[in-house]
Amino acid sequence: MPTSEEPSPGRRRADRDRRAGVELSVVVPLQDEEGVLPELARRLARAIDGLGVAAEVILVDDGSADGTLAAIARLHEEDGRFKGLALSRNFGHQAAITAGLAHAKGDSVVVMDGDLQDPPEAIATLWEKLREGFDVVYAVRASRPEPGWKRLSYRAFYRLLGRSSAVPIPRDAGDFGIMSRRVVDHLAAIPERRRFVRGLRAWVGFRQCGLPIDRAPRRSGRPKYTATKLVTLALDGLIGFSEAPLRWAGLLGLGAGAGGVVALLAATARAVLGAVVPEWGWVGALALVFAGAQLLALAILGEYVSRIAQEVGGRPPYIVRERIGLGADRGARRGRARSREKMYEFF
C-alpha cells in the first residue's frame, strides 16, 4: 500500500500523462451505472494500458440517482486517468456526450456507452484504423443482442434516415467510434442544441470508415433509452438532417386534395346517372381525410418550429454541476475570452 506521501500507481500514470500530453480521450456517458462501473473501469484501464499511450477517461454522470458520482470520485483517487463530470440534472445521452467532448483534451477521442455493450477491447481496433489516416472510425453493429421488435425498429429507422437525409449517415452505426482532434473541435464549435451526434459526425466530413463490431448484451441494470427517448432521438435525426418530413406532409396534402376531387367527380357522375348519393358519407370521409392531412402537417411543422425556438432561445445543451480532475471546457474558456475582449472594447 502506498503511503500518504507516496502517490499511487494511478496518480503516477496521471502525472506522466500530463507531462507527455494526452494522446487519447475516452468519453463515457453514464446514468445510474454504479453497478457496472468497476468492471467498466477495469476493462478500460486494461485496453488503454495495451495501447501504451497517454490517456484520460471522462465519465459523464448524466443526473444519476444512485452512487455513480461517488464511484467516479473513488476511481479518480485510484487512477488519475479517470475523471468525472456531473451534470446538474439528466440532460440526455447526446448532451452528456457533448459535455464529454467539450472537456476532452486528447489528440483522438473515443465515444462509447458505459453499459459494456460497446466493448472496451474494440478501442485498440478503432485506434489502429484511425492511424491509417482516417479522421473518424465508427463501429457498425455486426450483431445486436436485443428484442426482435427493437432490431426491426432500428433497421427501419436507419434506412429511412439514409434515404431522406441530405448527408450520407452510415447505417447501423451508433455513437461508438473514434475521432481525430480536428473533428472533435468542429463538433464542439457547432452551436446546435438538439444534437444528434452521429449525424453531426457524418456532416463534418473528412475521411471516415466503419468497422463491424459485435454489440454485447447489457452488463446490468435497465436500458436508459426508453421507447419515448428512442422516438425523440429518431425525430432529432430525421428533422435535424432532412427536409423530407416537410415534403411528405406536402405530398400527403396533395394526395388528400386529389382524393377529394376524385370523390367529388365520382359523386357527380353517380348523381347524373340517377344513383342516390348519401351526402353525409362522402362529405364525412373527405372531412376526415383533410383533417388528418392538416393535423399531420401541423405536427411536422410544429417539430421544426419547436427546434427553431430552442435554437433561438440559446439555452446550453447541458450544465455542469461538478468536475472531478477536470478544468473548464473549451467552449467556456472561449466564451470568457470573448467576454473579456468585449469588455476591453467597451472601455
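Because the structure is predicted, anything quoted here is derived from the model rather than measured. (Residues numbered from 1 in each chain as written. Predicted model: local features only at pLDDT ≥ 70, side-chain atom pairs only at ≥ 80, totals over all residues. Heavy atoms only, no water.)

Student: Could you clarify how one ought to interpret the overall build of the protein chain in this entry?
Tutor: Along its length, the protein chain carries twelve helices and eight strands. Sequence separation of 24 or more characterises 84% of the internal contacts of the protein chain that already satisfy a separation of 6 or more. Counting only carbon and sulfur atoms, one obtains 60% of the accessible surface of the protein chain, whose full area is about 18000 Å². (Helix = DSSP H or I, 4+ residues; strand = E, 2+ residues; numbered from the N terminus. Contact = heavy atoms within 4.5 Å. Areas by Shrake-Rupley, 256 points an atom, 1.4 Å probe, with all protein chains shown as cover.)

Student: How should the side chain of His76 be read in this particular structure?
Tutor: Within the secondary structure layout, His76 lies in helix α3 (residues 68-78). Taking relative accessible area as the criterion, His76 reaches 10% and is therefore assigned buried. (Buried < 20%, exposed > 50% of the residue type's maximum accessible area, 1.4 Å probe, protein only.)

Student: Explain the packing of aromatic side chains to me, please; I cannot follow it from the model alone.
Tutor: Two aromatic rings are characterised by how far apart their centres lie and by the angle between their planes. Evaluated as defined, the whole model comprises zero aromatic pairs. The positively charged end of Arg207 is found above the aromatic ring belonging to Phe134, 4.3 Å away from the centroid. (Phe/Tyr/Trp six-rings, centres within 6.5 Å; stacked < 30°, edge-to-face > 60°. Lys NZ or Arg CZ within 6 Å of the ring centre and 35° of its normal.)

Student: It is not clear to me how the pattern of salt bridges should be interpreted in this structure. Could you clarify?
Tutor: Oppositely charged side chains may form a pair once their charged atoms are brought near each other. Taken as a whole and assessed by the stated rule, the structure comprises ten salt bridges. For the salt bridge of Glu132 with Lys129, the shortest nitrogen-to-oxygen distance reads 3.2 Å. Three or more residues joined by partner-sharing salt bridges are found here, namely Arg43, Arg46 and Glu121. (Salt bridge = Lys/Arg side-chain N within 4 Å of Asp/Glu carboxyl O.)

Student: Is there a simple way to explain the pairing of strand β4 (residues 108-111) in this structure?
Tutor: A regular strand places its side chains on the two faces of the sheet in alternate fashion. Of the two faces of β4, the one lined by Ser108 and Val110 and the one lined by Val109 and Val111 are each fully buried. Note that strand β1 (residues 24-30) and β4 share four bridges and pair parallel. Bridging from a neighbouring strand, Val26 pairs with Val110 of β4. Here β4 pairs with strand β6 (residues 173-180) via four bridges, running antiparallel. In the strand pairing of β6, Val111 is matched with Gly177. (Pairing = 2+ DSSP bridges.)

Student: Explain unusual backbone geometry to me, please; I cannot follow it from the model alone.
Tutor: Where the residue is not glycine, phi is negative for most of them; where a peptide bond is considered, it is trans in most cases. The residue Asp32 is not glycine, and still its phi comes out positive at about 55°. Along the chain, Asp32 turns up in the loop between β1 and α2 (37-51). In the Ramachandran plot, Phe206 falls in the positive-phi region, its phi being about 65° despite a non-glycine side chain. Of note, Phe206 is situated in the loop between α8 (197-204) and β7 (208-214).

Student: Explain the nonpolar core here, please?
Tutor: In a soluble, globular protein the nonpolar side chains are often hidden away together inside. Among the nonpolar cores identified, the biggest contains 39 residues, and Leu24, Val26, Val28, Leu44, Leu59 and Met112 are the most heavily contacted of them. Looking at this core, the element that brings in the most residues is α2, giving seven residues. Beyond its immediate stretch of four places on either side in the chain, Val28 contacts Leu40, Leu44, Val57, Ile58, Leu59, Val60, Met112, Asp113 and Gly114. In terms of nonpolar packing, the next biggest core, distinct from the first, is built from 29 residues, Ala96, Ile97, Leu101 and Tyr318 among them. (Core = buried A, V, L, I, M, F, W, Y, C linked by side-chain atoms within 4.5 Å.)

Student: Would you explain helix α7 (residues 181-189) in this entry?
Tutor: Counting along an α-helix, one turn takes 3.6 residues, and residues three or four places apart therefore face a common direction. Among the residues making up α7, those that are buried are Arg181, Val183, Val184 and Leu187. All buried residues of α7 lie within an arc of 160° about the axis, which places them on one face of the element. (Arc of directions from axis to C-beta.)

Student: What is the right way to read the packing of α7 against α8 from this model?
Tutor: Any two packed helices are characterised by the angle at which their axes cross and by the distance between the axes. For the pair α7 and α8, the least separation of the axes is 10 Å and the interaxial angle reads 115°. In terms of crossing hand, the pair formed by α7 and α8 is right-handed. Contact residues: α7 offers Val183, His186 and Leu187, while α8 offers Leu200, Arg201 and Val204. Residues belonging to the contact of α7 with α8 are distributed by class as follows: four nonpolar, one polar and one charged. (Axes fitted to C-alpha atoms, helices over the stretch in contact; angles between N-to-C directions. Left-handed = near helix turned anticlockwise from the far one by under 90°. Nonpolar A, V, L, I, M, F, W, Y, C, P; charged D, E, K, R; others polar.)

Student: How do you make sense of the environment of Val53 when you look at a structure like this?
Tutor: With respect to the element layout, Val53 can be found in the loop between α2 and β2 (55-61). Residue class for Val53 comes out buried when judged on its relative accessible area of 9%. Between the alpha carbons of Val53 and Gly21 there is a distance of 9.6 Å; along the sequence they are 32 residues apart. Look past the residues within four positions of Val53 in its chain and what remains in contact with it is Glu23, Leu24, Ile48 and Trp127.

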